[in-house]
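Chain by chain, the residues:
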Amino acid sequence: MKKIRVGVIGLGGRATSHCKAIQSNNLRLVAVADPQEHLCAKFKNDYAIDKSYNSHLELIKDNEIDAVVITLGHQLHHKLTIDCCNAGKHVLVEKPMALSLEQCDEMILAAQSNNVKLQVGLSQRYYGTSIKAKEILDSNEIGPIVSALCFMNKNWGSNADDYSNRRPQYRSRYHGGGMWLTNGVHVVDRLSWVIGSQASSVSASVGNKSRYQAADDYGSAFIRYKNGVTGHAQAIGYLNGAFNGECYVIGTKGSLRFAQHPEKFVKLGKNEEWADIAFDDPPNEAHNEWLYFNESITKDLEPSTHGDWGKHIMEILFAAEQSSITSKEVFLNNYSNYFAQASGEIVSGNFSWI
Ligand SMILES: NC(=O)c1ccc[n+]([C@@H]2O[C@H](COP(=O)([O-])OP(=O)(O)OC[C@H]3O[C@@H](n4cnc5c(N)ncnc54)[C@H](O)[C@@H]3O)[C@@H](O)[C@H]2O)c1
């Protein structure tokens, strides 16, 4: 299969995962971009990259680059995605997709009108554990789903000092921050993906319990789906505790639990016992995300976490915020319509489409 040539935009903590995965897929890492020169020098050295640029505006002029990953502040996802699409680059943009549904629409339109792929970095569904769990659900092993619960609860800075080291995109809602948009986005994506439907309404509580800051530190939502299944999504950033993140799915003839952290497992519940199920474990956590992004470009398929899907996840997250403010169930605008994938093509990966 043809291999795409990649540029990485934004060299913060997450960029390392992307560089590892680009290289474990044998894709060519052509250039990086960041205004901080010491970061460019470090990444060039660590990953044997030839070129670096001071900003995305310079990088997107590089004709050697087919695709970019945008891995920086949430408030910048919208503008940079549009710039990159307009320069003819395929885009993998980190989560959360953007700060409003209008921004999501503009990003989707920019990809469509430039005939490039847009994939949203809803990375946790690409874990080996998640893919195995989805295979089991799709095989009808546990029967129709009755309900599901997904959560990701973690220590998010135990005191004011270490929390203040977090970037604005994590601690300021104005910059798209808070636990709900940062990690709730993964939980809502995996919940909706395993339930295999689009949400119709949300009742939620989103707010602060652990610290005084300009964004939430917990979110907990009850979500109704169009296929009649209900689910619960929870993301909490506390001051002290022990990490737990898991999906628990209850079917009519079996149960399924799967997690990646702190322990990787897929467990099938039958006859009052939990059996461990084997799964493929890729060389690094973002490996499959790049495997399928590359496949979507080279085979001209819709990315499995395409722009419309990324937008729908944002719609659920924003509805949860609204529900929390009004103390009412919020009905989503798409209630009477099923949206279609933009291309009508089968998505990349054979495990993940709805
Ligand atoms: N999917 C996951 O599991 C996962 C995990 C961690 C972070 N993330 C996401 O990754 C993204 C990046 O997070 P982070 O913590 O690595 O960010 P960060 O703030 O640490 O780094 C961002 C970098 O972008 C650079 N930058 C700013 N403007 C730029 C421009 N115009 N061109 C090039 N570079 C520019 C900054 O100098 C900085 O080095 C966020 O969206 C975050 O939510 C995803």
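Counting restarts for each chain: residues are numbered from 1 in the order of the written sequence. For a predicted model such as this one, the threshold for reporting local features is a pLDDT of at least 70, and the threshold for listing and counting side-chain atom pairs is 80 or more; totals across whole chains, interfaces and linings nevertheless cover every residue.

Attention shifts here to the overall build of the protein chain. By definition, any uninterrupted DSSP run of H or I lasting at least four residues is a helix, any uninterrupted run of E lasting at least two residues is a strand, and each is numbered from the N terminus. Regarding its fold elements, the protein chain presents 11 helices and 15 strands. Against the compact-globule benchmark of 20 Å for 354 residues, the protein chain has a radius of gyration of 20 Å, which places it among compact chains. Along the three orthogonal principal directions, the C-alpha set of the protein chain runs to about 55 × 45 × 40 Å. All radius of gyration figures rest on C-alpha atoms, and the globule criterion is 2.2 Å times the number of residues raised to 0.38.

Note on geometry: axes are lines fitted to C-alpha atoms, helical ones only across the stretch in contact, with angles between N-to-C directions running from 0 to 180 degrees. Close contact between helix α9 (residues 179–195) and helix α11 (residues 307–326) brings their axes to 9 Å; oriented N to C, the two are set at 120°. As the angle between them shows, α9 and α11 are arranged oblique. Crossing of α9 over α11 shows right-handed handedness. Contacts from Trp 180, Leu 181, Gly 184, Val 185, Val 188, Asp 189 and Ser 192 in α9 reach Ile 313, Ile 316, Leu 317 and Ala 320 in α11. Residues of the contact of α9 with α11, tallied by class, amount to eight nonpolar, two polar and one charged. Reported orientations rely on four angle classes, namely roughly parallel under 35 degrees, roughly antiparallel over 145, roughly perpendicular from 65 to 115, and oblique for the rest. The handedness criterion is simple: a crossing whose near helix is rotated anticlockwise from the far helix by less than a right angle is left-handed, and one whose near helix is rotated clockwise is right-handed. Contacts are defined on C-beta atoms placed from the backbone: any two residues whose C-beta positions lie within 7 Å are in contact. Classes in brief: Ala, Val, Leu, Ile, Met, Phe, Trp, Tyr, Cys and Pro nonpolar; Asp, Glu, Lys and Arg charged; the others, Gly included, polar.

A word on the environment of His 287. As for its placement among the helices and strands, His 287 is situated in helix α10 (residues 287–298). Spatially, the C-alpha atom of His 287 lies 35 Å from that of Gln 322, the residues being 35 residues apart in sequence. His 287 has contacts with Ala 21, Ser 24, Asn 25 and Pro 282, leaving out every residue within four places of it along the chain.

Moving on, we come to the site of the ligand. As a rule, any residue with its backbone-derived C-beta atom within 6 Å of a molecule or strand is reported as near that molecule or strand. Near the ligand lie 26 residues; those nearest to it are Gly 10, Gly 12, Arg 14, Leu 72 and Glu 94. Counting residues per element, the shell around the ligand draws most heavily on helix α1 (residues 13–24), at three residues. Each residue belonging to the shell around the ligand can be placed in one class, and the counts come to eight nonpolar, 13 polar and five charged. Each domain's limits were defined by an automated method or a database of domain assignments. Two domains share the shell around the ligand, each providing at least three of its residues, namely domain 1 (5–124 + 288–306) and domain 2 (125–279 + 311–331).

All right, on to α11 then. Working rule for helices: expected span equals 1.5 Å times residues minus one. Between its first and last C-alpha atoms α11 spans 28 Å; for 20 residues at 1.5 Å apiece the expected length is 28 Å, and the two agree. With C-beta atoms placed from the backbone, a residue counts as buried when 20 or more other C-beta atoms lie within 10 Å of its own, as exposed when 12 or fewer do, and as partly exposed for counts between those limits. For α11, a buried count of 15 out of 20 residues is recorded, marking the element as mostly surrounded by other parts of the structure. Remark: Ser 327 follows α11 within two positions and exhibits a positive phi of approximately 60°.

Here the focus is the pairing of strand β2 (residues 28–33). A large share of β2 lies buried, amounting to five of its six residues. In this scheme, strands are said to pair when DSSP sees at least two bridges between them. As defined by bridge partners, strand β1 (residues 5–9) adjoins β2 across five bridges and the pair is classed as parallel. By the bridge assignment, Arg 5 is partnered in β2 with Arg 28. One crossover worth recording links β1 to the parallel β2 by way of α1, and it is right-handed. Orienting the strands away from the viewer, one traces the path from the first strand over the helix to the second; a clockwise path indicates a right-handed crossover.

What follows is about the domain arrangement of the protein chain. With domains assigned, the protein chain is organised as domain 1 (5–124 + 288–306) and domain 2 (125–279 + 311–331). The distance between the C-alpha centroids of domain 1 and domain 2 comes to 25 Å. Mapped onto the side of domain 1 that touches domain 2, the elements with two or more residues apiece are α5 (101–114) and α10. Here the side of domain 1 that touches domain 2 is composed, by residue class, of nine nonpolar, six polar and two charged.

The next point concerns the sheet that holds strand β7 (residues 145–155). As summarised here, the arrangement of the nine strands in space is β14-β13-β12-β11-β7-β10-β9-β8-β15, forming an open sheet in which the pairing is mixed. Either end of the sheet is taken by a strand with one partner, and the two such strands are β14 (273–276) and β15 (330–331). In this fold α9 packs onto β7, β8 (199–207), β9 (218–225), β10 (230–238) and β11 (244–251), with an angle of close to 155° to the strand it touches most, β10.

Further remarks concern the nonpolar core. Connectivity within a nonpolar core runs through C-beta atoms within 7 Å, and the core itself is a set of buried Ala, Val, Leu, Ile, Met, Phe, Trp, Tyr and Cys residues. In this structure, Val 6 and Val 91 are the most contacted members of the largest nonpolar core, which totals 95 residues. Residue-level mapping places this core at the junction of two domains, with at least three residues from each of domain 1 (5–124 + 288–306) and domain 2 (125–279 + 311–331). Val 91 has contacts with Val 68, Ile 70, Thr 81, Cys 84, Cys 85, Ala 111, Val 116 and Leu 118, leaving out every residue within four places of it along the chain.

This brings us to the sheet that holds strand β4 (residues 67–70). Sheets are built from strands paired through backbone hydrogen bonds, the pairs being either parallel or antiparallel. Strands sit in the order β3-β2-β1-β4-β5-β6 across an open sheet of six strands; the sheet is parallel. A strand with exactly one partner marks an edge of an open sheet, and here the two such strands are β3 (51–53) and β6 (118–121). Each adjacent strand pair in this sheet contributes to an overall mean axis angle of 20°, direction not counted. Here β4 runs beside strand β5 (residues 90–94); their pairing, made up of four bridges, is parallel.

Turning to the packing of α1 against α10, a few remarks are in order. Describing two packed helices takes the angle between their axes plus the distance from one axis to the other. Where α1 contacts α10, the axes come no closer than 8 Å and their chain directions differ by 60°. Here α1 lies oblique to α10, going by the angle between them. Both α1 and α10 take part in a crossing whose hand is right-handed. Where α1 abuts α10, its residues Ala 21, Ile 22 and Ser 24 lie against His 287, Glu 289 and Trp 290. When its residues are assigned to classes, the contact of α1 with α10 shows three nonpolar, two polar and one charged.

For residues that are not glycine, phi is negative in most cases, and the peptide bond is trans in most cases. The step from Lys 95 to Pro 96 runs through a cis peptide bond, and the omega angle for that step is -15°. The topology assignment puts Pro 96 in the loop between β5 and α5. A cis geometry characterises the amide bond from His 261 onward to Pro 262, with omega recorded as -5°. Within the secondary structure, Pro 262 sits in the loop between β12 (254–259) and β13 (265–270). A positive phi angle, close to 50°, is found at Ala 48, a residue other than glycine.

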